[in-house]
Amino acid sequence: MSDARTVRTGRLVLQPVTWRDMEDMVRLKADGGAFGQMLGGVCTRQQAERDMADDIAFWACHRVGIFTIHEHGKFVGMTGIHDRPDGRGFGLRFALYPWASGRGIAREAANAALSFTHNAGIPRVVAVAKETNLPSRSILKGIGMRECETFERDGQMMVVYESIRPS
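Reading the values: the criteria
Numbering of residues begins from 1 in every chain and follows the order in which that chain's sequence is written. Only residues with pLDDT of at least 70 get local features here, since the model is predicted, and only at 80 or more are side-chain atom pairs given and counted; chain-wide, interface and lining totals rely on the full set of residues. Working from all heavy atoms in the structure, the side-chain values ignore hydrogens and water. Salt bridges are defined by distance alone: a side-chain nitrogen of Lys or Arg within 4 Å of a carboxyl oxygen of Asp or Glu. To qualify as a helix, a DSSP run of H or I must reach at least 4 residues; to qualify as a strand, a run of E must reach at least 2; elements of each kind are numbered from the N terminus. Only protein chains enter the calculation, and the probe is 1.4 Å; a residue is then buried if its accessible area is under 20% of its type maximum, exposed if over 50%, and partly exposed in between. Note on geometry: axes are C-alpha line fits, over the in-contact stretch for helices, and angles between N-to-C directions span 0 to 180 degrees. Relative orientations are named as follows: roughly parallel for angles under 35 degrees, roughly antiparallel for angles over 145 degrees, roughly perpendicular for angles from 65 to 115 degrees, and oblique for any other angle. Two helices that cross are described as forming a left-handed crossing if the nearer one is turned anticlockwise from the farther one by less than a right angle, and a right-handed crossing if clockwise. Only heavy atoms matter for contacts: two residues are in contact if any of them lie within 4.5 Å across the pair. Each residue gets one of three labels, nonpolar for Ala, Val, Leu, Ile, Met, Phe, Trp, Tyr, Cys and Pro, charged for Asp, Glu, Lys and Arg, and polar for the others, Gly among them. UniProt positions are given in the numbering used here, feature names are shortened, and annotations may be inferred rather than shown by experiment. Any two rings among Phe, Tyr and Trp, with Trp reduced to its six-membered ring, count as a pair given centres within 6.5 Å; such a pair is stacked if its planes are under 30 degrees apart, edge-to-face if over 60, and tilted if neither. Criterion for a charge above a ring: Lys NZ or Arg CZ within 6 Å of the ring centre, and within 35 degrees of the ring normal.

Draft legend 1. Structural context of the pattern of salt bridges. Applying the stated rule across the entire model yields 13 salt bridges. When the shortest N-O distance is used, the salt bridge between Arg45 and Glu23 registers 2.5 Å. Highlighted residues: Arg45 in helix H3 (residues 45–62) and Glu23 in helix H1 (residues 22–30), separated in sequence by 22 residues. On the basis of relative accessible area, Glu23 is assigned to the partly exposed category, the value being 37%. With a shortest N-O distance of 2.9 Å, Arg88 and Glu149 are connected by a salt bridge. Taken together, the positions of Arg88 in the loop between strand S4 (74–83) and strand S5 (90–96) and Glu149 in strand S7 (residues 146–153) put the pair 61 residues apart, joining distant regions of the chain.

The structure is reproduced here in structure tokens:
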């Protein structure tokens, strides 16, 4: 199924999450290699279901949100925008299965999601990565986000990136 919110890149298809994606998202969010570095870490099925309800409602309210990422028809991860619980604003996130990493998928998908969000009229997007998470930080820099702040969370130094596109 395709709609106006479907984003296609050279090799990927990004689609807004729906309840049909629940099983894929439950597996992804339970995978420590995929979700271990994410805010909140790995999720139980119940947490993933709550997230899905929130993500679907977010799309309805803001016309942007979380996408599934498919490469050649196969689910490989997620990316997109959520409302950061720390009040920093709309945050870009991405997570891939470890077996899908290392081929530029996260960068390609995150860049497409960021462009979609700006094109939808959202002028500022942030992203947060652990200072030690060099792969994520490299992706954020590579898609044009710039460091704007640091803070400490649970003994870890966190780096905040932002992308601003004036309306």
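Draft legend 2. Quick look at the packing of helix H4 (residues 105–119) against helix H5 (residues 134–142). Look at H4 against H5: their axes get within 9 Å of each other, and the N-to-C directions meet at 45°. Classified by the angle their axes make, H4 and H5 are oblique. In the packing of H4 onto H5, the handedness of the crossing is right-handed. Across from Ala106, Arg107 and Ala110 in H4, the residues of H5 making contact are Ser138, Ile139 and Gly142. In the contact of H4 with H5, the residues fall into three nonpolar, two polar and one charged.

Draft legend 3. Seen up close, the UniProt feature "domain: N-acetyltransferase" (unreviewed entry) in the chain. As annotated in UniProt, the feature "domain: N-acetyltransferase" (unreviewed entry) corresponds to residues 12–166 in the numbering used here. Secondary structure within residues 12–166 divides into 35% helix and 34% strand; the distance between the first and last C-alpha atoms comes to 27 Å.

Draft legend 4. Here's a closer look at the packing of H1 against H3. Following both chains from N to C, one finds H1 and H3 inclined at 125°, their axes separated by 9 Å at the closest point. As summarised for this structure, H1 and H3 are arranged oblique, according to the angle between their axes. At the point where H1 passes H3, the crossing takes the right-handed sense. Every residue of H3 that contacts H1 at Met22, Glu23, Met25, Val26 and Lys29 is listed here: Arg45, Ala48, Glu49, Asp51, Met52 and Asp55. For the contact of H1 with H3, a count of residues per class yields five nonpolar, no polar and six charged.

Draft legend 5. Quick look at the packing of aromatic side chains. Tallying each qualifying case throughout the model produces six aromatic pairs. With centroids separated by 5.2 Å and ring planes inclined at 70°, the aromatic side chains of Phe58 and Phe90 adopt a geometry described as edge-to-face. Taken as a pair, Phe58 in helix H3 and Phe90 in strand S5 lie far apart in primary sequence, 32 residues in all. This pair shows no difference in class: Phe58 is buried, exactly as Phe90 is. Between the aromatic rings of Trp59 and Phe116, the centroid separation amounts to 5.8 Å while the plane-to-plane angle is 65°, which identifies the pairing as edge-to-face. Here the residue Trp59 occupies a position in helix H3, and Phe116 occupies one in helix H4, the gap between them amounting to 57 residues. The same class applies to Trp59 and to Phe116, which are both buried. Here the aromatic residues Trp59, Phe67 and Phe116 are joined through ring pairs into a cluster of three or more. Across from the ring centre of Trp59, 4.9 Å away, lies the NZ or CZ of Arg5, which sits over that ring. A cation over an aromatic ring shows up here: Arg88 above the ring of Phe151, its NZ or CZ 3.8 Å from the ring centre.

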